[in-house]
Amino acid sequence: MPTVPAAVLSVRISPSERALLEAAAEQARTHLSDFVRRRALEAAEADLLDRRVVTIAAKDWARFEAWAGEPAKEVPALRQLAEVRPVWQGLQQGK
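Keep in mind it's a predicted model, so treat the numbers as computed, not measured.

(A) Inspection of the environment of Phe-35 at higher detail. With respect to the helices and strands, Phe-35 occurs in helix α2 (residues 32–49). The sequence separation of Phe-35 and Gln-80 amounts to 45 residues, and the corresponding C-alpha distance is 39 Å. If near-sequence neighbours (up to four positions away) are discounted, Phe-35 is found in contact with Leu-21, Ala-24, Ala-25, Ala-28 and Thr-30.

Below, the structure written as structure tokens:
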């Protein structure tokens, strides 16, 4: 059984924003708080994964440059995956 989060986050929203969130939660067949928590976490994760700037500590820079300068490694599973035709390509051609 999942554990209930221990911290409370309070957010001020307008009545129309609340109505929109409630409608979305109802469509998702979940409680408003669960819906908001899940969607907020998804958005936070997406924002973190979409970072354009990566900071590397000065003490690690030489090691990073050495790694980046190494020749690419052959990964057989990736080579096999690259040779598989994507499912959606067959769908686009009506196959």
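Next comes the rest of the description.
(B) Geometry of the pattern of salt bridges. Across all of its chains, the model carries eight salt bridges by this definition. Among the ionic pairs, Glu-22 bridges to Arg-18, the shortest N-O distance being 2.9 Å. One end of the pair is Glu-22 and the other is Arg-18, both in helix α1 (residues 15–27) and four residues apart, which spans about a single turn. For Glu-22, a relative accessible area of 36% translates into the label partly exposed. A residue is classified by how much of its surface remains accessible, and Arg-18, at 43% relative accessible area, is partly exposed. The salt bridge partner of Glu-74 is Arg-79, with a shortest N-O separation of 3.2 Å. Classification of Arg-79 by relative accessible area gives partly exposed; the value is 47%. A cluster of three or more residues bridged by salt bridges with shared partners is formed by Arg-38, Arg-39 and Glu-42.

(C) Just unusual backbone geometry, in detail. With a phi close to 55 degrees, Arg-29 is a non-glycine residue in the positive phi region. Position of Arg-29 relative to the elements: it lies in the loop between α1 and α2. The class of Arg-29 is exposed, set by a relative accessible area of 79%.

(D) Structural detail: α1. Along its 13 residues, α1 runs 18 Å from first to last C-alpha, staying within 8% of the 18 Å computed at 1.5 Å per residue. Of the residues one or two after α1, Arg-29 is the one with positive phi, at around 55 degrees.

(E) View of a nonpolar patch on the surface. A surface patch of nonpolar side chains, about 380 Å² in accessible area, is lined by Val-75, Leu-78, Leu-81 and Val-84. Structurally, the position occupied by Leu-78 is in helix α4 (residues 76–82). Residue classification places Leu-78 among the exposed residues on the basis of a relative accessible area of 54%.

The rules behind the values
- Residues numbered from 1 in each chain as written.
- Predicted model: local features only at pLDDT ≥ 70, side-chain atom pairs only at ≥ 80, totals over all residues.
- Heavy atoms only, no water.
- Helix = DSSP H or I, 4+ residues; strand = E, 2+ residues; numbered from the N terminus.
- Contact = heavy atoms within 4.5 Å.
- Salt bridge = Lys/Arg side-chain N within 4 Å of Asp/Glu carboxyl O.
- Buried < 20%, exposed > 50% of the residue type's maximum accessible area, 1.4 Å probe, protein only.
- Expected span 1.5 Å × (residues − 1).
- Patch = residues over 30% accessible without salt bridge, like charges linked within 9 Å, V, L, I, M, F, W, Y side chains within 5 Å.
- Areas by Shrake-Rupley, 256 points an atom, 1.4 Å probe, with all protein chains shown as cover.

Shape descriptors only; they carry no functional weight alone.
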